[in-house]
Protein chains: 2
Amino acid sequence: MSGSVKKLILITGMSGSGKTTLAELFREDGFSVLTMGDVIRGLASERGLEPTPEVLGSIAKGIREEHGDTAVAVKCVERLGGMEEAVVVIDGIRSLAEVDVFRGSFKGVLVAVHASPEMRYERLRERGRSDDPQDFGTFRERDLRELGFSLGWAIALADHMLVNEGTLEGFRGLYKGLLERLEVG
Amino acid sequence: MSGSVKKLILITGMSGSGKTTLAELFREDGFSVLTMGDVIRGLASERGLEPTPEVLGSIAKGIREEHGDTAVAVKCVERLGGMEEAVVVIDGIRSLAEVDVFRGSFKGVLVAVHASPEMRYERLRERGRSDDPQDFGTFRERDLRELGFSLGWAIALADHMLVNEGTLEGFRGLYKGLLERLEVG
């Protein structure tokens, strides 16, 4: 089975900016979405392991140690080779190096989602996942840790920037405008 | 003369994103704008030197060598101490460390201006300053060099993001919306 992927829409942004919401909008419109986490889950499944957070974390750590910081992106590219869709959305880009990996094999447009630190903090508090920060200091530390992977570079060099600070309806409007500019709608 | 500055509007963004245009819109509305370059020009004037690019470059390099990467921001803060305006716009923030210097003394809201690499490259080509890049490779190198000063971090953590990819009229609309949100209009 040879792949027929023609174009990637690469989504990046800080925690709580709305990356997953954007991916969800694409999915509702019938686009195929691959999240970096899916790839790790796929590896767990191949190895016959339950996809617990511990197992997934350990697999991600293992392949990064073995193949470097862009290992997950490389695994994604391998999976894309077997996909039939013309356009695939990739959620969870965390560095410019990952962007370069995808662009080494496909035409990739980079979309950043932005929201202010204040708003992202509020959202993460509301979401309340077990790994979400409990206070602003911890949140700020996590932001800086994530930026250490050159996430800020990827955001600064995005081809499209969606500012997600209003309602979901407003964000859907920005998403529709993006589809038109990408000419994939 | 004791200062009475209450709030700073800190402008950041990549080359060609439209920082100066935004500063100009603030200026037209009567806001006081301090550019990081002005501070260097002020130092040249104090020393009785002509503000040629060579002289300004040499002064900037000198004070950074003497006082570290945030030296220009520190000089700006000194100048702000003698200013009477309640709100001052600072143009040309290049790192998160500079943001921290300003926020050490004032309430500062960080505004990033964004445009895609493609659009910024076109603009810089049209502007055609002598120090503007002649080809995309040189432009990309300069982007990465600027990002090395943690400019990407400042952009990623901006309180407000203005996407400057349409007309000047459209950008003016975003500016007006920003004034409302900042409650300084």
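Thresholds applied
Residues numbered from 1 in each chain as written. Chains lettered and ligands numbered in written order. Predicted model: local features only at pLDDT ≥ 70, side-chain atom pairs only at ≥ 80, totals over all residues. Heavy atoms only, no water. Core = buried A, V, L, I, M, F, W, Y, C linked by side-chain atoms within 4.5 Å. Buried < 20%, exposed > 50% of the residue type's maximum accessible area, 1.4 Å probe, protein only. Contact = heavy atoms within 4.5 Å. Salt bridge = Lys/Arg side-chain N within 4 Å of Asp/Glu carboxyl O. Polar contact = N/O pair within 3.5 Å; in protein donor to acceptor, adjacent residues only side chain to side chain. Nonpolar A, V, L, I, M, F, W, Y, C, P; charged D, E, K, R; others polar. Least-squares fit on C-alpha atoms with pLDDT ≥ 70 in both. Helix = DSSP H or I, 4+ residues; strand = E, 2+ residues; numbered from the N terminus. Pairing = 2+ DSSP bridges. Axes fitted to C-alpha atoms, helices over the stretch in contact; angles between N-to-C directions.

**Q** Would you mind going over the nonpolar core with me for this structure?
**A** Formed by 77 residues in total, the largest nonpolar core has its most connected members in Leu80, Ile90 and Phe102 of chain A together with Leu80, Ile90 and Phe102 of chain B. With residues up to four places along the chain from it excluded, the contact list for Leu80 of chain B reads Val5, Leu8, Leu34, Val88, Ile90, Phe102 and Phe106 of chain B.

**Q** Would you explain the interface of chain A and chain B in this entry?
**A** The accessible area lost on association of the parts is a frequent measure of interface size. In this assembly, 24 residues from chain A lie in contact with 24 residues from chain B. Viewed at the interface, chain B and chain A are joined by 0 salt bridges. Our enumeration of links across chain A and chain B arrives at 4 residue pairs in polar contact (both at pLDDT 80 or more). Class assignment of the residues belonging to the side of chain A that touches chain B gives a composition of 13 nonpolar, 4 polar and 7 charged.

**Q** I keep staring at the relation of the copies chain A and chain B and nothing clicks. Help me out?
**A** Two copies of one chain are present, and they are related through a rotation about an axis combined with an axial shift. The two copies are related by a screw motion: chain A maps onto chain B through a turn of 180 degrees and a shift of 0.0 Å along the axis, at an RMSD of 0.0 Å. Both copies of the chain, as the preceding transformation shows, are related through a two-fold rotation axis. Across chain A, the smallest distance between a C-alpha and the rotation axis is recorded for Gly152 of chain A, namely 2.2 Å. Interface residue correspondence from chain A to chain B reaches 100%, placing this contact among same-surface, isologous pairings.

**Q** How should I be thinking about the environment of Asp100 of chain A in this particular structure?
**A** As for its position among the elements, Asp100 of chain A is in helix α5 (residues 96–105). A relative accessible area of 43% means that Asp100 of chain A is categorised as partly exposed.

**Q** Explain the pattern of salt bridges to me, please; I cannot follow it from the model alone.
**A** Two side chains carrying opposite charge are able to pair once their charged atoms lie near each other. Residue and element names in this part refer to chain A. The full count for this structure, using the stated rule, is 18 salt bridges over all chains. Note that Arg172 and Glu169 form a salt bridge whose closest N and O atoms lie 3.5 Å from each other. Remark: Glu169 and Arg172 occur in helix α9 (residues 168–182); sequence separation between them is 3 residues, near one turn of the helix. The network of salt bridges with common partners includes Glu28, Glu169 and Arg172.

**Q** Looking at this model, I keep getting lost on the sheet that holds strand β4 (residues 107–114) of chain B. Mind explaining?
**A** Each strand in a sheet pairs with another by means of backbone hydrogen bonds, the pair being arranged parallel or else antiparallel. Residues and elements named next belong to chain B. On the basis of which strands lie adjacent, the open sheet formed by 5 strands has the order β2-β3-β1-β4-β5 and parallel pairing. At either margin of the open sheet sits one strand with a lone partner, and together these are β2 (32–35) and β5 (160–163). Ignoring strand direction, the axes of neighbouring strands in this sheet form an average angle of 25 degrees. Sheet analysis places β4 next to β5, joined by 4 bridges and oriented parallel. Note on β5: the bridge partner recorded for His114 is Val163. Against the sheet, helix α1 (residues 19–28) makes contact with β1 (7–13), β2, β3 (87–93), β4 and β5, and its axis sits at roughly 150 degrees relative to β1, the strand it touches most. Each of β2 and β3 is contacted by helix α2 (residues 36–46), which is oriented at about 75 degrees to β2, the strand it contacts most.

**Q** How should I be thinking about the side chain of Arg142 of chain A in this particular structure?
**A** Residue and element names in this part refer to chain A. By the element assignment, Arg142 lies in helix α7 (residues 136–147). Looking at Arg142, the relative accessible area reads 13%, which means it is buried. Of note is the side chain of Arg142, whose polar atom sits 3.2 Å from the side chain of Ser15. Those residues in contact with Arg142 that sit more than four places away from it in its chain are Ser15, Leu124, Arg127, Asp131, Asp132 and Pro133.

**Q** Would you mind going over the pairing of strand β1 (residues 7–13) of chain A with me for this structure?
**A** One face of the sheet, then the other: side chains in a regular strand alternate in exactly this way. Residues and elements named next belong to chain A. Counting buried positions along β1 gives 7 out of 7 residues, so the element sits mostly inside the fold. Where β1 meets strand β3 (residues 87–93), 6 bridges bridge the pair, whose relative direction is parallel. Residue Leu8 lies in a different strand from β3, and its bridge partner there is Val88. Bridging between β1 and strand β4 (residues 107–114) involves 7 bridges; their strand directions are parallel.

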